[in-house]
Amino acid sequence: MPTILKIQGGKPLKGTIEISGAKNSALPLMVACLLTDKPLTLSNVPNLADIQTITQVLNVLGVTAQENGSTRILDASNITSTTAPYELVKTMRASVLVLGPLVARFGHAKVSLPGGCALGARAVDVHLEGLRAMGATCDLDEGYIVARAPNGLRGAHFTMRVVSVGATENLMLAASIAKGQTILQNAAREPEIIDLANCLNAMGATVQGAGTDTITIEGVSTLNGANVKVMPDRLETGSYAIASLITGGDVTLTNTSLKYLPMVRETLEKAGAIFEEKDNGFRVYRNGPIGGVDVMTEPYPGFATDLQAPFMALMSVCEGASMITETIFENRFMHVPELVRMGASIQVHGASAMIRGAKSLSGAPVMATDIRAGIGMVVAALAAKGTTTISRLYHLDRGYENLEAKLQACGADVERHKVDV
Ligand code: UD1
């Protein structure tokens, strides 16, 4: 039976929220287990639908996964298949991350081509170009990418045409056990890339330069197991910081750090946010109204595209106006019609949205069209007058652990209900 979230808005969020481990880091770290026949132990893994999906993908390949709270012990000593099936890959594009490690370790891999998604075409061509540069053949066969490198991969000097988080991760994973040196140029610089480099290095790899646009990997013949803690989720952090601001609340976020959100912090400060750093997190609140700020999404360290929807919700009630330009995904304004249903004044012109701040939003039935559009709806609903119901919660459950409990602990009136269709 489908579930909806029912939010009675208008209550300032007050209290403490503990931030979970980063989904976008846990996914590639879990995939790293494929590079070794020794167990990889990961802690601070969030309990999310996407983590279950990657676990299923790994299980299909023959990986055993033990779960104990937020710890996962992954053992890829007995790989029985190198095929990641369509049924799983279609539910989560990040499944394509298994391609590089499988072809690097076993010389072959067959992974369903992810296909379209709600955010647009989202190609994987750069992943394949990089693997080809390392000596693999990559063909398309009945909807599957078939990659082969019978004699193993060899290091390469590869410059990415577009800055891609997933391609950078796929190629780092593959290069760590390729023969010789790989240099990745125009690499993504996201903190999750640094987390992956640290994990690979803990496993015995030699990865340098993660966090800059040039990553150098000296391939080694075998990797070991390791014990690694997943970094905090900076996107969950930013989402709850925005929720605190839009409701005029006062929230302390723990197990996280502002250092992962440089441009988001700067932008929110311009909009009136006050941040107080603490040992294990920070406090976020405001003393005045929310000001309108223009924003352009960009690869890290720029403003994260994944926080564009909740930021737009915030700008919907700013004093003045804001222009938000989306440069990463071509179809990432699906939340606009939903925000308009709640009384927001937003006009889209190509890749830019013009938002004129409204006095307030009003509750309405809306839907989550993807993970981040979904949190945009939650943020808007927390500040809106009246009741908002949000459907298609499976999107939110992909990326936000214990969403209602975390918000309820700060006084929000949020409930999950089963509904008949
Ligand atoms: C990751 C994040 C996602 C975030 C995105 C951008 C994970 C699991 N997901 O997704 O939350 O929104 O980064 O910060 O970490 N592109 C190509 N060819 C390719 C690969 C990408 O053209 O081979 C394009 C994409 O269509 C997109 C842009 O590059 O326009 C960035 O995509 P990418 O960084 O690869 O995003 P993901 O890794 O899929």
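Residues numbered from 1 in each chain as written. Predicted model: local features only at pLDDT ≥ 70, side-chain atom pairs only at ≥ 80, totals over all residues. Heavy atoms only, no water.

1. Some details on empty space enclosed by the protein
Applied cut-off: Only protein atoms enter the calculation, which uses a 1 Å grid: trapped sets of points that fit a 1.4 Å probe without letting it out are cavities, open sets showing protein on both sides within 12 Å along at least five of seven lines are pockets, and any residue with an atom within 4 Å of a point is a lining residue. Grid points are joined across faces, edges and corners, and a volume is the space filled by probe spheres set on the points. A run of DSSP states H or I qualifies as a helix once it reaches four residues; a run of E qualifies as a strand once it reaches two. Both are numbered from the N-terminal end. Residues are grouped as follows: Ala, Val, Leu, Ile, Met, Phe, Trp, Tyr, Cys and Pro are nonpolar; Asp, Glu, Lys and Arg are charged; every other residue, Gly included, is polar.
Throughout the structure, instances matching the rule amount to one cavity of 30 Å³ or more. When its volume is computed, the largest cavity comes out at roughly 40 Å³. Looking at the largest cavity, the residues that line it are Arg234, Tyr260, Leu261, Pro262, Met263, Val264, Tyr300, Pro301, Gly302, Phe303 and Ala304. Sort the elements by how many residues they give to the lining of the largest cavity and helix α9 (residues 262–270) lands first, with three residues. Its residues assigned to classes, the lining of the largest cavity shows nine nonpolar, one polar and one charged.

2. Side note on the nonpolar core
Heads up, the rule is: In these notes, a set of buried Ala, Val, Leu, Ile, Met, Phe, Trp, Tyr and Cys residues joined through side-chain atoms within 4.5 Å is what counts as a nonpolar core. To sort residues, take the accessible area from a 1.4 Å probe on protein chains only and compare it with the maximum for the residue type: under 20% means buried, over 50% means exposed, and anything in between is partly exposed. It only takes one pair of heavy atoms within 4.5 Å for two residues to be counted as in contact.
Counting 77 residues, the largest nonpolar core has Leu34, Leu58, Val98, Leu131, Leu153, Met172 and Leu200 as the members making the most contacts within it. Setting aside chain neighbours within four positions, we find Val98 in contact with Val31, Leu34, Val57, Leu58, Leu61, Ala84 and Val111. The next biggest cluster of nonpolar side chains, apart from the first, holds 67 residues, and it includes Val317, Leu339, Ile371 and Leu396.

3. Topic: unusual backbone geometry
With the exception of glycine, the majority of residues adopt a negative phi angle, and the majority of peptide bonds are in the trans configuration. The omega torsion across Tyr300 and Pro301 is 10°, close enough to zero to call that bond cis. The residue Pro301 is located in the loop between β18 (295–296) and α10 (308–315) in this model. Even without being a glycine, Asn44 presents a positive backbone phi close to 65°. As for its placement among the helices and strands, Asn44 is situated in the loop between β3 (40–43) and α2 (49–61). The phi angle at Asn186 is positive, at roughly 60°, despite the residue not being glycine. Mapped onto the fold, Asn186 is located in the loop between β11 (181–185) and α7 (191–202).

4. Looking at the site of the ligand
Keep this limit in mind: Nearness of a residue to a molecule or strand requires only that one of the residue's heavy atoms be within 4 Å of it. Here a polar contact is taken to be a pair of N or O atoms separated by no more than 3.5 Å, where protein atoms must pair a possible hydrogen donor with a possible acceptor and residues adjacent in sequence count only if both atoms sit in side chains. Only the protein chains shown count as cover for residues, with accessible areas throughout obtained via the Shrake-Rupley method and a probe of 1.4 Å. All domain edges in this entry derive from an automatic or database-based domain assignment.
As a structural note, the neighbourhood of the ligand is formed by 20 residues, with Asp125, Val126, Ser164, Asp306 and Ile328 the closest of them. With respect to the ligand, the side chain of Asp306 contributes an N or O atom lying 2.5 Å from an oxygen atom. Look at the ligand: alone it shows 740 Å² of surface, and the protein chains cover 83% of it. Where the shell around the ligand is concerned, the elements lending two or more residues are α1 (23–31), α5 (125–133) and α6 (165–175). Looking at which element gives the most residues to the shell around the ligand, the answer is α5, with three residues. Among the residues forming the shell around the ligand, the class breakdown is 10 nonpolar, five polar and five charged. Both of domain 1 (3–20 + 232–418) and domain 2 (23–229) provide at least three residues apiece to the shell around the ligand.

5. Remarks on the sheet that holds strand β20 (residues 345–349)
The condition that has to hold: If DSSP finds at least two bridges between two strands, the strands pair.
Taking strand neighbours across the sheet as the criterion, the four strands line up as β18-β19-β21-β20 in an open arrangement whose pairing is mixed. At either margin of the open sheet sits one strand with a lone partner, and together these are β18 and β20. As paired elements, β18 and strand β19 (residues 321–325) share two bridges and run parallel to each other. Each bridged residue has a counterpart across the sheet, and for Val295 the counterpart in β19 is Ile324.

6. Comments concerning the domain arrangement of the protein
For clarity, the threshold we go by: What gets called buried area is simply the loss in accessible area from a 1.4 Å probe that two parts show on being joined, summed for both. By convention in these notes, a salt bridge is any Lys or Arg side-chain nitrogen within 4 Å of a carboxyl oxygen on Asp or Glu.
Per the domain assignment, the segments of the protein are domain 1 (3–20 + 232–418) and domain 2 (23–229). Inter-centroid distance (C-alpha atoms) of domain 1 to domain 2 is 30 Å. Listed by partner, the interface residues are 23 residues for domain 1 and 20 residues for domain 2. Interface area for domain 1 against domain 2, summed over the two sides, is near 1700 Å², with a carbon-plus-sulfur share of 53%. Along the contact surface separating domain 1 from domain 2 lie two salt bridges.

7. Focus on α9
Each turn of an α-helix holds 3.6 residues, which means side chains three or four residues apart point in the same direction. Our working rule: Throughout, the arc means the angular range of directions from the helix axis out to the C-beta atoms.
Residues Val264, Thr267 and Leu268 constitute the buried set of α9. When α9 is viewed along its axis, its buried side chains cluster within an angular range of 95° and face the same direction. Tucked into the core, α9 has its buried residues touching α8 (234–246), β16 (273–278), β18 and α10. Just beyond α9, the residue with positive phi is Gly272, at close to 115°.

8. Digging into the state of the cysteines
Basically, it comes down to this: When the sulfur atoms of two cysteines come within 2.5 Å, that pair is taken as a disulfide.
Applying the stated criterion across every chain yields a total of zero disulfides. Left unpaired, Cys33 is separated from the closest cysteine sulfur, that of Cys199, by 9.6 Å.

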